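A look at the structure
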Amino acid sequence: MARGLPRLFGVVGAGQMGAGIAQVAATCGLQVVLVDAAAAQLDRATAGMRASLRKLAAKGRLPGGAEPEAVMARLTPATQLEALEAADYIVEAVPEREELKAELFRKLESLTQPHAVLASNTSSISITRLAAATARPDRVVGLHFMNPVPLMGLIELVRGMQTSDETFEATQALAAHLGKVTCVSQDRPGFIVNRILMPMVNEAFYTLMEGVGTPHDIDTGMRLGTNVPMGPLTLADFIGLDTCLAIMRVLHQNLGDDKYRPCPLLIQYVDAGWLGKKSGRGVYSYSA
């Protein structure tokens, strides 16, 4: 990768996170291939990216005066992983399930060039274990973007035990090129951000379950009392309650401490299909 930057940047998964990562990379001048097995999801992702780019352009927030259509011209959607054969750097943004991510990395290593970096956008899963599922563990790294990717300024970098200096330095250069500030976390469950954030979200659900306050009062208390932009229940709806639950289960299983036990009410919401904003209902209703 010239100057530590990929000639071709790949993203697997065209959900909210994957589309955001692809948008930022294309905005910053990289040639991007966005892969998702569902063509309809790719269509939704590209339509959402166009709308997002137009809004950012209207506010003068696209770097270097980039034009939305010029950015989109650097993006190639694809439904097959084979489209990533020439990619130098690939980020997976598939659902937060370790076996799914590990199997994807095994497929990617059989398709891509030996020098290609395989990065995970996981928010909690061990990079060391994901790397061990491949034959190139030195080329695996954690690259955890914050949501929404085009607006949030942080990337959490996670180095597995096997990650090489070359891979880590290339990842740092990439993050800087994308205009992001980085924090570096040891490879521990939940890393830095979700190790602190998700227990707060989980405790907000316990507070709701025990009737300490209404959703509005819990969110208002935390939003104004701690000067954060949104309360923990609103934030959980935005992240996705299924994602919050998956992270809490990783923390509980891997740290073995009952303080990380997922709240039964959070589990019930997910069982009901009330996943938050993306499903139209979570703690709050978004049907309107």
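Every value quoted in this text rests on a predicted model; they were computed, and no experiment measured them. (Residues numbered from 1 in each chain as written. Predicted model: local features only at pLDDT ≥ 70, side-chain atom pairs only at ≥ 80, totals over all residues. Heavy atoms only, no water.)

Focus on the sheet that holds strand S4 (residues 89-92)
With mixed pairing, the eight strands of this open sheet are ordered in space as S3-S2-S1-S4-S5-S6-S7-S8. The two strands at the open ends of the sheet, each matched to only one other strand, are strand S3 (75-78) and strand S8 (181-185). Averaged over neighbouring strand pairs, the angle between their axes works out to 25° when direction is ignored. In the sheet, strand S1 (residues 8-12) pairs with strand S2 (residues 31-35) via five bridges, with the strands oriented parallel. From the neighbouring strand, Val12 faces S2, where its bridge partner is Val35. The strands touched by helix H4 (residues 98-111) are S1, S4, strand S5 (117-120) and strand S6 (140-145); relative to S5, the strand with the most contacts, the crossing angle is about 165°. Across the face of the sheet, helix H6 (residues 165-177) comes into contact with S1, S4, S5, S6, strand S7 (154-158) and S8 while running at roughly 25° to S6. (Pairing = 2+ DSSP bridges. Helix = DSSP H or I, 4+ residues; strand = E, 2+ residues; numbered from the N terminus. Axes fitted to C-alpha atoms, helices over the stretch in contact; angles between N-to-C directions. Contact = heavy atoms within 4.5 Å.)

A look at the UniProt feature "binding site: CoA" (unreviewed entry) in the protein chain
Cross-referencing UniProt, the feature "binding site: CoA" (unreviewed entry) maps to Ser52, Lys59 and Ser123 in the present numbering. These residues run over 72 residues, and the two farthest C-alpha atoms among them are 30.0 Å apart, placing them at more than one spot. Assessed through its relative accessible area of 63%, Lys59 is described here as exposed. Among the secondary structure elements, Ser123 is positioned in the loop between S5 and helix H5 (127-132). Sequence-distant contacts of Ser123, defined by excluding residues within four places in its chain, comprise Glu96, His144, Gly190, Phe191, Asn194 and Ile247. (UniProt positions renumbered as here; feature names shortened; annotations may be inferred. Buried < 20%, exposed > 50% of the residue type's maximum accessible area, 1.4 Å probe, protein only.)

Observations regarding the side chain of His144
Within the element layout of this structure, His144 appears in strand S6. Since its relative accessible area comes to 6%, His144 is described here as buried. Polar side-chain contacts of His144 include one of 2.8 Å to the side chain of Glu156. (Polar contact = N/O pair within 3.5 Å; in protein donor to acceptor, adjacent residues only side chain to side chain.)

Remarks on the packing of helix H10 (residues 241-255) against helix H11 (residues 264-271)
Axis angle and axis distance: for two packed helices, these are the angle between their axes and the distance between the axes, and together they describe the pair. Here H10 crosses H11 at 135°, and the two axes come no closer than 9 Å. Between H10 and H11, the crossing angle belongs to the class labelled oblique. Viewed along their axes, H10 and H11 form a crossing whose handedness is left-handed. In this structure, H10 uses Leu241, Asp242, Leu245 and Arg249 to contact H11, whose residues at the interface are Leu266, Ile267, Tyr269 and Val270. Here the contact of H10 with H11 is built from residues that sort into six nonpolar, no polar and two charged. (Parallel < 35°, antiparallel > 145°, perpendicular 65-115°, else oblique. Left-handed = near helix turned anticlockwise from the far one by under 90°. Nonpolar A, V, L, I, M, F, W, Y, C, P; charged D, E, K, R; others polar.)

Some points on the packing of aromatic side chains
Within this structure, the stated rule accounts for three aromatic pairs. Relative to Tyr89, the ring of Phe9 lies with its centre 6.0 Å away and its plane at 15°, an arrangement referred to as stacked. Highlighted residues: Phe9 in strand S1 and Tyr89 in strand S4, separated in sequence by 80 residues. Judged by centre distance (5.5 Å) and plane angle (80°), the rings of Tyr269 and Trp274 are edge-to-face. Ring-pair connections join several aromatic residues into one group, and the members of that group are Phe205, Tyr269 and Trp274. A cation sits over an aromatic face here: Arg281 above Trp274, 3.6 Å from the ring centre. (Phe/Tyr/Trp six-rings, centres within 6.5 Å; stacked < 30°, edge-to-face > 60°. Lys NZ or Arg CZ within 6 Å of the ring centre and 35° of its normal.)

Here's the deal with the side chain of Glu156
Tracing the chain through its elements places Glu156 in strand S7. This buried residue, Glu156, is left without a salt bridge; Arg195 holds the nearest opposite charge, at 10 Å. A polar side-chain atom of Glu156 sits 2.8 Å from the main-chain amide nitrogen of Ile192. Setting aside chain neighbours within four positions, we find Glu156 in contact with Gly142, Leu143, His144, Met146, Cys183, Ser185, Phe191, Ile192 and Val193. (Lys, Arg positive; Asp, Glu negative; His and termini not counted. Salt bridge = Lys/Arg side-chain N within 4 Å of Asp/Glu carboxyl O.)

Structural notes on the environment of Leu197
Of note, Leu197 is situated in helix H7 (residues 193-209). Residue Leu197 is classed as partly exposed on the basis of its relative accessible area, which comes to 21%. Counting along the chain gives 47 residues from Leu197 to Cys244, while the straight-line C-alpha distance between them is 9.8 Å. With residues near it in sequence (within four places) discarded, Leu197 still touches Leu235 and Ile239.

A look at the domain arrangement of the protein chain
Along its sequence, the protein chain is organised into domain 1 (8-186) and domain 2 (193-279). Contact residues are listed per partner, giving 12 residues for domain 1 and seven residues for domain 2. Summing both partners gives a buried area of about 750 Å² for domain 1 against domain 2, and 58% of it is carried by carbon and sulfur. Counting the surface domain 1 buries against domain 2, the share from its top three residues, Glu96, Ser123 and Ser124, is 43%. Here domain 1 is connected to domain 2 by zero salt bridges. Our count for the domain 1 to domain 2 interface comes out at two residue pairs in polar contact (both at pLDDT 80 or more). For the side of domain 1 that touches domain 2, the residue count by class is four nonpolar, five polar and three charged. (Domains from an automatic or database assignment. Buried area = accessible area lost by both parts, 1.4 Å probe.)

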